[in-house]
Amino acid sequence: MKKKWIFLCVMLLLLTGCSAGTKKLRFGAAGLGGVYHIFADTFANVLSTENNDFQIDVKTTAGSAANLRLLSEGYIQLAVAQADLLHDAWNGDGNFADRKTYQGYGAVAALYTEACQIVVREDSSIISMDDLLGKTVSIGEEESGTEQNAGKILAASGLTDQMLTEVNLNYTDAAEQLKDGRIDAFFCTAGVETTVISELAKQCGVRLLSLDEKTLNKLTRSYDFYSEYLIPAGTYEGQEEETRTLGVKAVLLASDRLSSAQVKEITKTLFDNKEKVQYALPVDISLDETAALEGITIPFHKGAAAYYEDCGVALEDVTEKGSK
C-alpha cells in the first residue's frame, strides 16, 4: 500500500512538472457568433500554437461590461471591450457612475473600429434622426455598449427618452421586430459588415441613418474615444449612399496579474500573426503599431508598452501599467 502511494505521488509530481511552464489563461469574448468571439477563438489558437507556454480557454460572456468586471475581479486574464465602456469602467463614469471603478488591467492594442449603426426599413419614412420623434426604437441590450452609444447619440441629436419609445433588444430580436414592423429602428454598434444587418437587408431592405455635422462634432469633441466613421455605399444590399456615423475601437486588454514578459510576448504574437488573424475576421482589423494606440484613454499594460517602445512607437500621453 505504501509503495502504491509513493508511486502515485511521483506520477503527480512528474505530471505537474511537465505542465509547470504552461500558463493557463481565460479569455473573455462575448456572445457566440459575434466578432469578439471570432477574434478570441482565432487569437487563442494562434497564441497556443506559436507559444507552448500559453493555454487559452475562451469564455463566452455577456460582452464588454461583463468582460471588464471579470477582468477586474481576476476571473479572466484577457478580454476584448468597447473603448467607451472601457473608459467609463476605469474612471467610474457613465454606466459605471454608481458603481466602484473596474481596474486591474491594461490595454494591449486597439483592434478595429466598431460603427454605431442606426437601422430602419428601406420602405420607412424615416430619413434622418429627427424622424425618430414619436417612434419605437431599440437601443440595444441593457448595460450594453450599444445602449450607451444610443443614449449619447440621441441626446446629442436633441431627442430625449420622452420623445420616443425606447426598448432594450438584442440584435437578432431587434432585426426580427423591425422586419415585422413592431419597432421602427434599432441601434447596433458592431464591426462592419455586420451579419445581422446583412441578412435583414436581404429580407426586407434597410436604410442606415447618417448623423449630421453638429451631432458628430459635439460627440467627437466631447469624447476622445469617438471618431467619425464612414460606412461605404454598397456595404449592405440596397445601400446606395455612404453613411456618416460614429466609430469606437474594440480593445484587447490584459490583466495586471500577467507579468510584463508574458504580455510583451502576447503583444508580439498578435502583430507577428496579423495576417492569420485578419483572414479569420469579417472586419478589417487595424493591426499596425501606430493605429493600435488610437482611441484608447486608459493606461497600457507595461508588457505592451515595452513592445511598442522596442518598435520605436511612442505612447505619448498614454501611460503604461501592470505587473513587473
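Everything numeric here is computed off the predicted structure, so don't read it as measured data.

Caption draft 1: Structural context of the pattern of salt bridges. One pass over the full model with this rule turns up 12 salt bridges. Residue K264 pairs with D310 through a salt bridge whose shortest N-O separation is 2.6 Å. Taken together, the residues K264 in helix α9 (residues 260–272) and D310 in helix α11 (residues 302–310) connect sequence positions 46 residues apart. The exposure class assigned to D310 is exposed, which follows from its relative accessible area of 57%. Taking the shortest distance from any N to any O, the salt bridge between K268 and D272 comes out at 2.6 Å.

Caption draft 2: Main features of the nonpolar core. Counting 88 residues, the largest nonpolar core has F27, F39, Y105, L253 and Y308 as the members making the most contacts within it. In terms of residue count, strand β4 (residues 105–121) provides more of this core than any other element does, 10 residues in total. Once residues lying within four places of it in the same chain are set aside, the contact partners of F27 are F39, A40, F43, I56, D57, V58, K59, L78, A79, V80 and L252. A115, V119, C188 and L208 belong to the second-largest nonpolar core, a separate cluster that totals 20 residues.

Caption draft 3: Spatial organisation of the confidence of the model for the protein chain. Across the protein chain, the average pLDDT comes to 87, with 90% of residues at or above 70. Mean pLDDT in the protein chain bottoms out at helix α1 (residues 2–18), which sits at 42, and peaks at strand β5 (residues 136–138), which reaches 97. Ignoring residues within four places in sequence, the model shows residues 1–20, a span with pLDDT below 50, making 0 contacts including any to other chains.

Caption draft 4: Local environment of the packing of aromatic side chains. Taken as a whole, this structure holds 11 aromatic pairs when the rule is applied. On the numbers, 5.3 Å between centres and 10 degrees between planes, the contact of F271 with Y307 is stacked. Separated by 36 residues along the polypeptide, F271 in helix α9 and Y307 in helix α11 bring together distant segments of the chain. Neither residue differs from the other here; F271 and Y307 are each classed as buried. Centre to centre, the rings of Y307 and Y308 are 5.7 Å apart; their planes meet at 70 degrees, and the pair counts as edge-to-face. Classification of Y307 by relative accessible area gives buried; the value is 8%. By relative accessible area, Y308 is classed as buried at 0%. Pairwise contacts between aromatic rings join F271, F300, Y307 and Y308 into one cluster. In this arrangement the basic side chain of R26 is found over the ring face of Y75, its NZ or CZ atom lying 4.5 Å from the centre. The positively charged end of K152 is found above the aromatic ring belonging to Y223, 5.1 Å away from the centroid.

What counts, and where the lines are drawn
- Residues numbered from 1 in each chain as written.
- Predicted model: local features only at pLDDT ≥ 70, side-chain atom pairs only at ≥ 80, totals over all residues.
- Heavy atoms only, no water.
- Salt bridge = Lys/Arg side-chain N within 4 Å of Asp/Glu carboxyl O.
- Helix = DSSP H or I, 4+ residues; strand = E, 2+ residues; numbered from the N terminus.
- Buried < 20%, exposed > 50% of the residue type's maximum accessible area, 1.4 Å probe, protein only.
- Core = buried A, V, L, I, M, F, W, Y, C linked by side-chain atoms within 4.5 Å.
- Contact = heavy atoms within 4.5 Å.
- pLDDT = per-residue confidence, 0-100.
- Phe/Tyr/Trp six-rings, centres within 6.5 Å; stacked < 30°, edge-to-face > 60°.
- Lys NZ or Arg CZ within 6 Å of the ring centre and 35° of its normal.

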